[in-house]
Amino acid sequence: MVVATLVSVCVIAAMACFLLITAVKARRLKNLPLHSRLELYPVPKEGGGRAKYGGSYFEEVEWWAKPRSIDKVSETREILMEMLFIRKLFQNQRSLWWASWGFHLGIYVMFAWTALLVVHAFWAPAALSWLATAVGVLGFVTATLGALLLLLRRAFDKTLRKYTTPQEYFNIVFILSVLLSGIYCWSAIASPFAVANGVLHFSGQDLPWQVVIHVALLCAMLVYIPLSKMSHYIGKFFSFHKVLWENDPNLPGSHVDQRMHAATSRRPQTSWSAVHVNPPKTTEE
Amino acid sequence: MSVSDKTLMPKDISRPKAVLSPIDSLAPLPAPYHDVGAEPGFRAMKPACAEEHCASLDGFVALDGLRRPQSKKEEDEFVRAFVSGVSKIFADSNNNFLQPLHLTMDYCAKCNTCSESCHIFASSNGNEVYRPIFRSDILRRICKKHLTASGRLLGGFVGADIDVNWESIARLGELAYRCNLCRRCAQTCPLGLDNGMIAREIRKVFSQEMGIAPTPIHSKGSMIQLKTGSSTGLSKGALLDTLEFIEEDTEEKTGRKIKFPIDKKGADVLLVHNAGEFLSWPDNPAAFAILFDEAGVDWTLSSDMLGYDGVNYGVWYDDAQARKIALGQFAAARKLGVRRIVVGECGHAHKASAVSADRMAFAEDKVPVESCIPVLADLMQSGRLKFDPSKNDFPVTLHDPCNIVRQMGIVEPQRTILRAICPQFREMATPGVDNYCCGGGSGFALMNSYNFSDFRNKVSARMKFTQIINAFADEFENPDIIKCVCAPCSNCKGTIRGVFEFFEATAQYNVHYSGLVELMVNALASMSRPYLTFEPEL
């Protein structure tokens, strides 16, 4: 009874931690100072058909005097292709893509499975049970196969092995342990529907020790992921949207202009030591 | 795969060895240069010079201002300054790069997707030290060890495994100058991370904290520019003399009389060239004058401090230098009261003034900057310039300067021009934003200390030379056919000139290079004599 209640609390707390730490990291990245422009073309938001070949507003004479053409549809399509299909990896390193995409697809499907389990705990038609079971099987299989392939590739590819730290092996092994213990528990020990139902309703039903271990690993993983570099799901948004695709010019009255003026109140406290560098006098954005 | 470095790992950067990873293999060039053994070899560093500087990375020296310490105390101070500098790239002293820096340092998945996109890595047949993540991972591991609690507590488990000493730091400094900053690797990264930017951050630590940078781009580059007005050392008086000479020479050679407008207050356009054009390729500023005069553009040159040289070497290695130069250039434009700055054919000057400097000054303190390329395309398309394409009836291909194309998105206007004026225009393989660097980017074109020009000619420019040969296919080996590479960038032209000389491509196969405006003037209907004579380079 006590263990079961604790599991309920831990699951909910771990999910909250995952969301909270993710939000804090995203906020910290967002609040970093306006940076120098580092765009790389193609920039998919460039309108007028320019995104297709990598063109920009710089192709227009007196570009600053003309309204910018922004293609939000192209930008959204491009980021969805990256998020859902990891297109750059597909285009540039197909052999690794199969494992990586399988793994990430599995994770996405597992999120969907988790959502279905939550819904099922409160509304449980037979069709939903079938759907959730199918989604769960698909998620576990693809994520586990992907993770295994990624681990093997890192272990046996002589280039990747040279650059992979023990912590990075640990990350994959950690996720694999959660996946494999989950496969074991939900296929041989307990029904995920019953456990989800008990956890979400704080029913206090006894849980098999195997399930407790799996859920403990899962909770630890939910807290660890946003703290580790596996939180690249946060970084990827910023590296594309706020660095590579961020080409907004500093024109009078623009949001860039406003941010630059706002930054003048924050003088840098650190300065460079080389003789030719003057101590900073104003904020350089 | 290069032979000597199959097992080399980032932590080996501190391994005691005379040369950590010599270049023992090169990618083959197409015919007629397919016999790698037949091309001139690398010049070895003189032992005394190698000992004085750091030639222990790959046998080349770029950082000619970096000298081996003479005492333990000097080495300790060197290490302290480097670690201090590294800490400062994560502090508010580096506000303008914090976000992209954190992203690349924190999120690299070591998937190695970037490697194959790097022309230097490919040209060296995969020399491990040139792998884009090799350099970044060394910095990452040093940061872990010296700047993070996890590194101090968990050490090698989190990758904090690199010992910093003079040799490892000096090698890393050299390694930052084995990257052209073309950022082609960043284009392929599934996480959108930027190893080119990391190379530049390392350069910044060396320059801004330790005062160490290659002489041609710092003490004889940006410092000279801030002192005299131009990185060439060209003073105002010398500029005026040079322009007068170009006017006379142009009239003598072409029969066309030109007069450079100087310091014309309130002109519509301030045209800013790379001042190297005045000295090395005077036909280029003369061609601009012919085109702008014929089209009736209201334009001027500046003779004011920093107003007549658009280069800004700071963008390659030092934010402070970049900012001082950029602000000086804006000041010169404001003083003349021009409506806009048009940047001539210089790639890094394009990026420096239009992109990098965009957020160095408040909007009201700037003058709008645009590239000459769309301006020229507009003059052609609006009918203000008339061409006879038959004058350019020889094979022409186009080199896309990274700064103008991949990093600014100016792709089509130059193609619109070339398609109209060059009947035999053809693209290189992987054109446009996917194109390869000329091999001279980020200062390499200017760096000739010791044997560094061998690295440029044989390694960093190898992919571009391959593309050029392939673009002309069967015509390449026929010396009776003039072939021309259009390279609308001074540094790219300088690099291509060096490669053509090194491989004797002009002398043997009649292959030439040119800017865009020279080709335009050559095809100008009103010109009575050819503008391009395609004489062998002397």
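Source: prediction; values computed, not measured.

**Structural notes on the overall build of chain A**
And then number 1: The helix and strand inventory of chain A stands at 12 helices and zero strands.
And then number 2: Computed over the C-alpha atoms, the radius of gyration of chain A is 24 Å, more than 25% above the 19 Å expected from 2.2 N^0.38 for a compact globule of 285 residues.
And then number 3: Here the C-alpha coordinates of chain A stretch approximately 70 × 45 × 45 Å along the principal axes.
And then number 4: For chain A, with 285 residues in total, the buried portion stands at 50%.
And then number 5: Pairs at least 24 residues apart make up 65% of the contacts formed inside chain A by residues separated by at least 6 positions.
And then number 6: Across chain A, the centroid of the 27 positively charged side chains sits 6 Å from that of the 17 negatively charged ones.

**Quick look at the nonpolar core**
And then number 1: Judged by nonpolar contacts, the single largest core of 170 residues is most densely connected at Y177(B), F292(B), L376(B) and L519(B).
And then number 2: When we break this core down by domain, the ones giving at least three residues each are domain 1 (10–209) and domain 2 (221–522) of chain B.
And then number 3: If you look at the next biggest cluster of nonpolar residues, it comprises 46 residues, including I172(A), A190(A), V211(A) and M230(A).

**Here we look at the sheet that holds strand 3 (residues 340–343) of chain B**
Residues and elements named next belong to chain B.
And then number 1: Sheet architecture is open: four strands sit in the order 2-1-3-4, paired in parallel fashion. Edge positions in the open sheet fall to strand 2 (299–300) and strand 4 (369–371), since each of these has one partner strand only.
And then number 2: Here strand 3 pairs with strand 4 via three bridges, running parallel. Bridge pairing links V343 to S371 in strand 4.
And then number 3: Along the sheet, helix 17 (residues 372–381) contacts strand 3 and strand 4; its crossing angle with strand 4, the most-contacted strand, is approximately 65°.

**Describing the domain arrangement of chain B**
All names here are of chain B.
And then number 1: In terms of domains, chain B is made up of domain 1 (10–209) and domain 2 (221–522).
And then number 2: For domain 1 versus domain 2, the separation of C-alpha centres amounts to 30 Å.
And then number 3: Contacts between domain 1 and domain 2 engage 48 residues on the former and 45 residues on the latter.
And then number 4: For the pairing of domain 1 and domain 2, the buried interface totals around 3900 Å² over both sides, and the portion due to carbon and sulfur atoms is 55%.
And then number 5: Joining domain 1 to domain 2, the criterion identifies five salt bridges.
And then number 6: In this structure, R200 and D319 form a salt bridge, with 2.7 Å as the shortest nitrogen-oxygen distance.
And then number 7: Viewed at the interface, domain 2 and domain 1 are joined by 30 residue pairs in polar contact (both at pLDDT 80 or more).
And then number 8: Where the side of domain 1 that touches domain 2 is concerned, the elements lending two or more residues are helix 4 (119–123), helix 8 (184–188) and helix 9 (195–209).
And then number 9: It is helix 9 that contributes the most residues to the side of domain 1 that touches domain 2, five residues altogether.
And then number 10: Split by residue class, the side of domain 1 that touches domain 2 holds 25 nonpolar, 13 polar and 10 charged.

**Here we look at the interface of chain B and chain A**
And then number 1: Taken residue by residue, the interface counts 91 residues in chain B and 80 residues in chain A.
And then number 2: Across the interface of chain B and chain A, roughly 7300 Å² is buried in total on both sides, 57% from carbon and sulfur atoms.
And then number 3: Among the residues of chain B in contact with chain A, Q99(B), Y107(B) and R359(B) are the three that bury the most area, contributing 13% of the side total.
And then number 4: Taken together, chain B and chain A are joined by 47 residue pairs in polar contact (both at pLDDT 80 or more).

**Considerations on the packing of aromatic side chains**
All names here are of chain B.
And then number 1: For the structure shown, the criterion picks out 39 aromatic pairs over all chains.
And then number 2: Centre to centre, the rings of W281 and Y513 are 6.4 Å apart; their planes meet at 90°, and the pair counts as edge-to-face. Placement of W281 in the loop between helix 12 (276–280) and helix 13 (283–295) and of Y513 in strand 8 (residues 511–514) is noted, with a sequence separation of 232 residues between them.
And then number 3: Since its relative accessible area comes to 13%, W281 is described here as buried.
And then number 4: Taking the centre distance of 5.8 Å and the plane angle of 85° together, the rings of F288 and F292 count as edge-to-face. Linking F288 with F292, this pair stays in helix 13, spanning four residues, or about one helical turn. You'll find F288 and F292 in the same group, each marked buried.

**Things to note about the pattern of salt bridges**
Charged atoms that come close allow side chains of opposite charge to pair.
And then number 1: Counted according to the given criterion, the structure contains 57 salt bridges over all chains.
And then number 2: Two residues, R131(B) and E128(B), come together in a salt bridge whose shortest N-O distance is 2.7 Å.
And then number 3: Under the relative-accessibility criterion, E128(B) is labelled buried at 0%.
And then number 4: Here the residues in one salt-bridge network are E168(A), K229(A), K110(B), D137(B), R140(B), R141(B) and D161(B), joined through shared partners.

Reading the values: rules and limits
- Residues numbered from 1 in each chain as written.
- Chains lettered and ligands numbered in written order.
- Predicted model: local features only at pLDDT ≥ 70, side-chain atom pairs only at ≥ 80, totals over all residues.
- Heavy atoms only, no water.
- Helix = DSSP H or I, 4+ residues; strand = E, 2+ residues; numbered from the N terminus.
- Rg over C-alpha atoms; globule rule 2.2 N^0.38 Å.
- Buried < 20%, exposed > 50% of the residue type's maximum accessible area, 1.4 Å probe, protein only.
- Contact = heavy atoms within 4.5 Å.
- Lys, Arg positive; Asp, Glu negative; His and termini not counted.
- Charge placed at Lys NZ, Arg CZ, Asp CG, Glu CD.
- Core = buried A, V, L, I, M, F, W, Y, C linked by side-chain atoms within 4.5 Å.
- Domains from an automatic or database assignment.
- Pairing = 2+ DSSP bridges.
- Axes fitted to C-alpha atoms, helices over the stretch in contact; angles between N-to-C directions.
- Buried area = accessible area lost by both parts, 1.4 Å probe.
- Salt bridge = Lys/Arg side-chain N within 4 Å of Asp/Glu carboxyl O.
- Polar contact = N/O pair within 3.5 Å; in protein donor to acceptor, adjacent residues only side chain to side chain.
- Nonpolar A, V, L, I, M, F, W, Y, C, P; charged D, E, K, R; others polar.
- Phe/Tyr/Trp six-rings, centres within 6.5 Å; stacked < 30°, edge-to-face > 60°.

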